[in-house]
Amino acid sequence: MSEKTKFRIVDGLLIAMMILPFVAGIVLKILFTPESEGISITGAIVFFEIKMPLQPLQITEAQVNSWLVMVFLVGLCLYLTHGIKVVPDSRRQHVAEWIVEKVEALVSDNMGDKYMAFAPFIAAVLGMSAFSSLSSLLGLFPPTSDLNVVFGWSILVFIIITHYKLKGGVWNYTKGYFEPIPVFAPMNVIGEIATPVSMAFRHFGNVLSGVVISTLIHAALGGLSNVLRVGIPAVFSLYFDIFSGLIQAYIFAMLTMLYISNGFPEEAYEKRMKKKAERERRRREAAALVENK
Amino acid sequence: MELAIAIILGCCAVGAGLALIAGIGPGIGEGYAVGQACAAIGRQPESRGQVTSTMIMGCAIAETTGIYGLVIGILLIFVAPNIFVGILQKAIGA
């Protein structure tokens with residue numbers, strides 16, 4: 001088998017990896033949707049439950065669809081980077097490089113060059129959020145219109161933010177709650193908790209409202225005549241699904257970047273690192289002294 | 001019993017309508033933001049791209065409160081009646 005055929009076969013497999021998840025999602029949706037008259041607005045369909053000590057673990061449509069989007073994204077990344085060369089000669093490598101450059105420019109513009117290591121994470125958040133919202137175009141249940149999925153992301157972001165805030169030392173972090181005056185402490189705590197909640201609700205609410213409004217438009221047009229259902233809802237989904245979903249993905253990534261870079265206490269971190277280095281130096285000197293004796 | 005359920009359904013609908021009053025704030029705020037962005041572009045047409053992207057981002061963030069109202073409205077219409085009627089039936093023991 002020549003090199004070229006092998007390359008083609010791997011390419012085909014990767015393309016299948018990108019398309020099959022969505023086909024699987026549509027098949028699952030068709031199999032599990034209960035028969036009903038007309039259009040109904042429901043939450044995610046529960047596929048099956050696993051018995052757990054506290055409460056049964058439900059595997060819902062939202063989870064499964066987000067896994068499918070993940071598989072799609074992995075396939076997309078592998079496809080775009082398949083057979084990359086130092087001097088690009090294929091179209092897909094140009095696309096891949098364009099994406100990487102754009103994300104790196106976004107990160108360096110909003111966070112600074114120190115945080116370049118965040119570029120892959122931001123790209124993952126952007127891609128995941130954007131493609132999750134866009135999956136509603138195929139008639140799938142968009143995972144971002146389930147609060148649990150988005151809340152999971154925002155809790156992850158919150159953990160990263162807190163980790164970066166703690167880099168200035170625990171004392172510095174605790175002190176932050178009592179500023180500008182100690183009376184503000186409860187408000188600061190509420191503000192801290194509000195960060196992940198508002199991030200999650202913003203994203204979830206926008207996508208959910210898109211889903212509900214497009215379903216209502218669909219139902220209303222169907223009530224008038226079945227012919228009107230063709231095409232007209234697509235115009236509305238241009239705004240509610242595509243524009244709103246992409247804007248929310250961008251905002252989620254943007255807020256992640258801003259919160260992380262604003263939360264990082266630079267001065268306190270440098271002071272702490274200096275102190276640590278000093279302590280280390282002294283310890284080593286003392287050890288050397290002991291050894292010399 | 002029917003009367004109680006009717007009151008629950010009616011109040012849920014009224015509550016959903018009231019929740020959508022939250023749309024006033026973002027409407028005024030976003031209008032003001034867009035107006036200011038237009039003024040900024042008029043003053044410095046070369047900064048159009050930056051102003052537009054900042055404005056869209058600010059608008060989407062300002063929209064959050066309106067979206068909260070919308071979420072409450074949707075919950076009140078599609079989710080709450082079932083829960084409330086269930087609570088009522090449990091309380092009565094029917």
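This text goes with the structure placed above it.
As a further point, take the interface of chain A and chain B. Contacts between the two partners involve 17 residues from chain A, matched on the other side by 12 residues from chain B. Together chain A and chain B conceal approximately 1,300 Å² of surface at their shared face, both sides included; 81% is due to carbon and sulfur atoms. Per-residue buried area on chain A facing chain B is highest for Phe201(A), Arg202(A) and Ile251(A); these three make up 29% of the total on that side. Linking chain A with chain B are 0 salt bridges, by the criterion used here. Here chain A and chain B share 1 residue pair in polar contact (both at pLDDT 80 or more) between them. The element contributing the most residues to the side of chain A that touches chain B is helix H7 (residues 185-224) of chain A, with 9 residues. Residue composition of the side of chain A that touches chain B, grouped by class: 11 nonpolar, 5 polar and 1 charged.

Attention now moves to the packing of aromatic side chains. Residue and element names in this part refer to chain A. Applying the stated criterion across every chain yields a total of 15 aromatic pairs over all chains. Judged by centre distance (6.3 Å) and plane angle (65°), the rings of Phe 118 and Phe 121 are edge-to-face. On the basis of relative accessible area, Phe 121 is assigned to the partly exposed category, the value being 22%. One aromatic cluster is present, formed by Tyr 115, Phe 118, Phe 121, Tyr 164, Phe 264 and Tyr 269 through successive ring pairs. One Lys or Arg, Arg 92, reaches over the ring of Tyr 79 and ends 4.3 Å from the middle of that ring. One cation-aromatic arrangement involves Lys 167 over Tyr 164; the distance from NZ or CZ to the ring centre is 5.0 Å.

Attention now moves to a nonpolar patch on the surface. Judged by side-chain polarity, Leu216(A), Ile72(B), Leu75(B), Ile77(B), Phe78(B), Val79(B), Ile83(B), Phe84(B) and Ile87(B) come together as a nonpolar surface patch covering roughly 790 Å² of accessible area. Element by element, the count of residues in the nonpolar patch is highest for helix H3 (residues 48-92) of chain B, at 8 residues. By relative accessible area, which is 47% here, Ile83(B) ends up partly exposed.

What counts and what doesn't
Position numbers for residues count from 1 along each chain, tracking the sequence in the order it is written. Numbering of ligands from 1 and lettering of chains from A proceed in the order in which they are written. Local features in this predicted model are restricted to residues of pLDDT 70 or higher, and side-chain atom pairs are both shown and tallied only at a pLDDT of 80 or more, whereas totals for entire chains, interfaces and linings draw on every residue. Excluding hydrogens and water, the side-chain figures rest on all heavy atoms present in the structure. Residue contacts follow a heavy-atom distance rule, with two residues in contact if any of their heavy atoms lie within 4.5 Å. Once two parts are joined, some of their accessible surface, as seen by a 1.4 Å probe, is lost; buried area is that loss totalled over both. Here, a salt bridge means any side-chain nitrogen of Lys or Arg that lies within 4 Å of a carboxyl oxygen of Asp or Glu. Counted as a polar contact is a pair of N or O atoms within 3.5 Å, where, for protein atoms, one must be capable of donating a hydrogen and the other of accepting one, and residues adjacent in sequence contribute only when both atoms are in side chains. A run of H or I in DSSP counts as a helix once it spans at least four residues, and a run of E counts as a strand once it spans at least two, with each numbered from the N terminus. Nonpolar residues are Ala, Val, Leu, Ile, Met, Phe, Trp, Tyr, Cys and Pro. Charged residues are Asp, Glu, Lys and Arg, and all others, Gly as well, are polar. For Phe, Tyr and Trp, rings pair up if their centres lie within 6.5 Å, where Trp contributes its six-membered ring, and each pair is then called stacked (planes under 30 degrees apart), edge-to-face (over 60) or tilted (otherwise). Three labels apply to residues, based on accessible area from a 1.4 Å probe with only protein chains included: buried if under 20% of the type maximum, exposed if over 50%, partly exposed otherwise in between. Whether a charge sits over a ring depends on NZ of Lys or CZ of Arg being within 6 Å of the ring centre and within 35 degrees of the ring normal. Residues enter a patch when their relative accessible area is above 30% and they make no salt bridge; the linking distance is 9 Å between like charges and 5 Å between nonpolar side chains (Val, Leu, Ile, Met, Phe, Trp, Tyr). In these tables, accessible area is a Shrake-Rupley quantity obtained with a 1.4 Å probe, and a residue counts as shielded only by the protein chains included in the view.

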